[in-house]
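# Results of the structural survey
Spelled out from the first residue to the last, the chains are:
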Amino acid sequence: MSQLTVELPPYISTDEARLLLAVKLFEIGKLSLGKAAKLAGYSKPTFIELLGKMEIPIINYPAEELEQEINL
């Protein structure tokens, strides 16, 4: 795994930056839920809860596909 060093402003903690990076990478599909949770330093259930508080969907299911499934 690669390593990145970043200078953060004093008002952003390392834990917060790690969480926000993991959330964004999950949101854009670059990391799975499990890998994002691990990067953020949380268990899957806790990470899912945090995603919910941030209003980030856990399942990306396009409306068109959902409609097709309902009409089957």
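First, a word on scope: everything that follows refers to the structure included in this document. Residue positions are counted from 1 within each chain, in the order its sequence is given. Per-residue local features of the predicted model are confined to residues with pLDDT of at least 70, and side-chain atom pairs are confined, for both listing and counting, to 80 or more; whole-chain, interface and lining totals are unaffected and use all residues. Excluded from the side-chain calculation are hydrogens and water; included are all heavy atoms of the structure.

## Considering the overall build of the protein
The following threshold applies: Numbering of helices and strands starts at the N terminus; helices are DSSP runs of H or I of at least 4 residues and strands are runs of E of at least 2. Using C-alpha atoms as the atom set, the radius of gyration is obtained and then compared with a globule rule of 2.2 Å times the number of residues to the power 0.38. Exposure categories follow from relative accessible area, calculated using a 1.4 Å probe and restricted to protein chains: below 20% of the type maximum is buried, above 50% is exposed, and the middle band is partly exposed. By definition in these notes, contact holds between two residues if any of their heavy atoms fall within 4.5 Å. Accessible surface is estimated by sampling points in the Shrake-Rupley manner with a 1.4 Å probe; for residues, cover comes only from the protein chains shown. His is not counted here, nor are the chain ends, while Lys and Arg score as positive and Asp and Glu score as negative. The atom standing in for a charge is NZ when the residue is Lys, CZ when it is Arg, CG when it is Asp and CD when it is Glu.
A tally of helices and strands in the protein yields 4 helices and 0 strands. Reading the protein from its N end, one meets helices and strands in the order α-α-α-α. Against the compact-globule benchmark of 11 Å for 72 residues, the protein has a radius of gyration of 15 Å, which places it well outside the compact range. Considering the protein as a whole, with its 72 residues, one finds that 17% of them fall into the buried category. Sequence separation of at least 24 residues holds for 33% of the intrachain contacts in the protein that already meet a minimum separation of 6. Total accessible area on the protein stands at roughly 6100 Å², and carbon and sulfur atoms take up 56% of it. The averaged location of the 10 negative side-chain charges in the protein is 11 Å from the averaged location of its 7 positive side-chain charges.

## Brief notes about the environment of I12
Along the polypeptide, I12 turns up in the segment before helix 1 (14-27). The partly exposed category is assigned to I12, whose relative accessible area is 26%. Along the sequence, I12 and I59 sit 47 residues apart, while their C-alpha atoms lie 28 Å from each other.

## Side note on the layout of surface pockets
Cut-off, in case you're wondering: Definitions used throughout: a 1 Å grid over protein atoms alone; a cavity as a set of points that fits a 1.4 Å probe which cannot get out; a pocket as an open set with protein on both sides within 12 Å along at least five of seven lines; a lining residue as one with an atom within 4 Å of a point. Grid points are joined across faces, edges and corners, and a volume is the space filled by probe spheres set on the points. Residues are grouped as follows: nonpolar covers Ala, Val, Leu, Ile, Met, Phe, Trp, Tyr, Cys and Pro; charged covers Asp, Glu, Lys and Arg; every other residue, Gly included, is treated as polar.
When its volume is computed, the largest pocket comes out at roughly 600 Å³. Residue lining of the largest pocket: 15 residues in total, with S2, L4, R18, L21 and L39 positioned closest to the centre. Mapped by element, the contributors of at least two residues to the lining of the largest pocket are helix 1 and helix 2 (33-40). Top contributing element to the lining of the largest pocket by residue count: helix 1, with 4 residues. Taken together, the residues of the lining of the largest pocket break down into 8 nonpolar, 4 polar and 3 charged.

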